[in-house]
Amino acid sequence: EINKLDDFVNTFKSLAVIVGDSTPANMPNLTELLWEEYGLGFEANHKIKDVNNCVLTGSSNGYDGYSVIGDYIQGKNSLENAILVNVSTTSIKTIFRDPVRSKVDSTLKGSAVSVQTSDKASVYANNELVETGSIPLIGVFCNYEFGKNNAMVYKRVFLIGSDEFLSPTYTSGEYGNPY
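Residues numbered from 1 in each chain as written. Predicted model: local features only at pLDDT ≥ 70, side-chain atom pairs only at ≥ 80, totals over all residues. Heavy atoms only, no water.

## Quick notes on the sheet that holds strand β10 (residues 136-146)
- One open sheet holds the five strands; their spatial order is β1-β11-β10-β7-β4, and the pairing between them is mixed. Each of the sheet's edge strands pairs with one partner strand only, and the pair in question is β1 (14-18) and β4 (71-72).
- Relative to strand β7 (residues 111-116), β4 is paired through two bridges, and the arrangement is antiparallel. The partner of Asp71 across the bridge, within β7, is Gln116.
- This element, helix α1 (residues 2-12), spans β1 and β11 (152-160) of the sheet and lies at about 135° to β1. (Pairing = 2+ DSSP bridges. Helix = DSSP H or I, 4+ residues; strand = E, 2+ residues; numbered from the N terminus. Contact = heavy atoms within 4.5 Å. Axes fitted to C-alpha atoms, helices over the stretch in contact; angles between N-to-C directions.)

Okay, here's the thing in structure tokens:
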């Protein structure tokens, strides 16, 4: 199965992996491929809450902190800026319902965080606070090779830390989620 994913990326040059709190934590082949090849990882049992940067969800207290508004970020260097330019061109709110912690190995050339929480987010594992601060919501890997006539051919892998990201609730056009 992992070879099929690797072949898919090499053939079609794009892959989006969407994970959430219902994603099994024990998928060693997938997690190894994502981390070793693309510098992207996730912790499905680490749920993100951001009460300072969320939308109204209809819960009993209104803003429950689990419909997080993603903050688009600027790259730290020219490569990251080039990776993120197409991802972060909108100012429309992009929503991540029940997000989980994504990891990005920024030392791997081509890996970058494109969307993150506010700097006041909290991460919980088994209802215990394990981290606070700005947490990645989408990790991006982008690299290129030269194809026919020396044209640059890009390879992109996205890791999205919310399995509700493409939910009709958030893709209706009111938010910046793709539809």
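## Concerning the pattern of salt bridges
- Under the definition given, this model contains seven salt bridges.
- Taking the shortest distance from any N to any O, the salt bridge between Asp21 and Lys47 comes out at 3.6 Å. One end of the pair, Asp21, is in the loop between β1 and α2 (28-38); the other, Lys47, is in strand β2 (residues 40-49), with 26 residues separating them in the sequence.
- Here Asp119 makes a salt bridge to Lys120, at a shortest N to O gap of 3.9 Å.
- Judged by its relative accessible area of 54%, Lys120 is exposed.
- Each of the salt bridges in this network shares a partner with another, and the network as a whole consists of Asp21, Lys47, Asp64, Arg97 and Asp98. (Salt bridge = Lys/Arg side-chain N within 4 Å of Asp/Glu carboxyl O. Buried < 20%, exposed > 50% of the residue type's maximum accessible area, 1.4 Å probe, protein only.)

## Quick look at unusual backbone geometry
- Phi at Asp98 is positive, roughly 50°, even though this residue is not glycine.
- Positionally, Asp98 belongs in the loop between β5 (95-97) and β6 (100-104).
- Judged by its relative accessible area of 17%, Asp98 falls in the buried class.
- One non-glycine residue, Asn127, adopts positive backbone phi at about 60°.
- Using a relative accessible area of 78% as the deciding quantity, one classes Asn127 as exposed.

## Notes on the packing of aromatic side chains
- Tallied over the full model, the rule gives three aromatic pairs.
- With centroids separated by 5.1 Å and ring planes inclined at 65°, the aromatic side chains of Tyr38 and Phe141 adopt a geometry described as edge-to-face. Of this pair, Tyr38 sits in helix α2 while Phe141 sits in strand β10, and the two are 103 residues apart along the sequence. One exposure class covers both Tyr38 and Phe141, and it is buried.
- In this arrangement the basic side chain of Lys103 is found over the ring face of Trp35, its NZ or CZ atom lying 5.2 Å from the centre. (Phe/Tyr/Trp six-rings, centres within 6.5 Å; stacked < 30°, edge-to-face > 60°. Lys NZ or Arg CZ within 6 Å of the ring centre and 35° of its normal.)

## Focus on the packing of α1 against α2
- Contact pair α1 / α2: the axes reach a minimum separation of 10 Å and the direction vectors enclose 35°. Every pair of crossing elements has a handedness; the one defined by α1 and α2 is right-handed. Only Asn29, Leu30, Leu33 and Tyr38 of α2 make contact with α1, whose side of the interface consists of Ile2, Leu5, Asp6 and Val9.
- Tallied by class, the residues present in the contact of α1 with α2 amount to six nonpolar, one polar and one charged. (Left-handed = near helix turned anticlockwise from the far one by under 90°. Nonpolar A, V, L, I, M, F, W, Y, C, P; charged D, E, K, R; others polar.)

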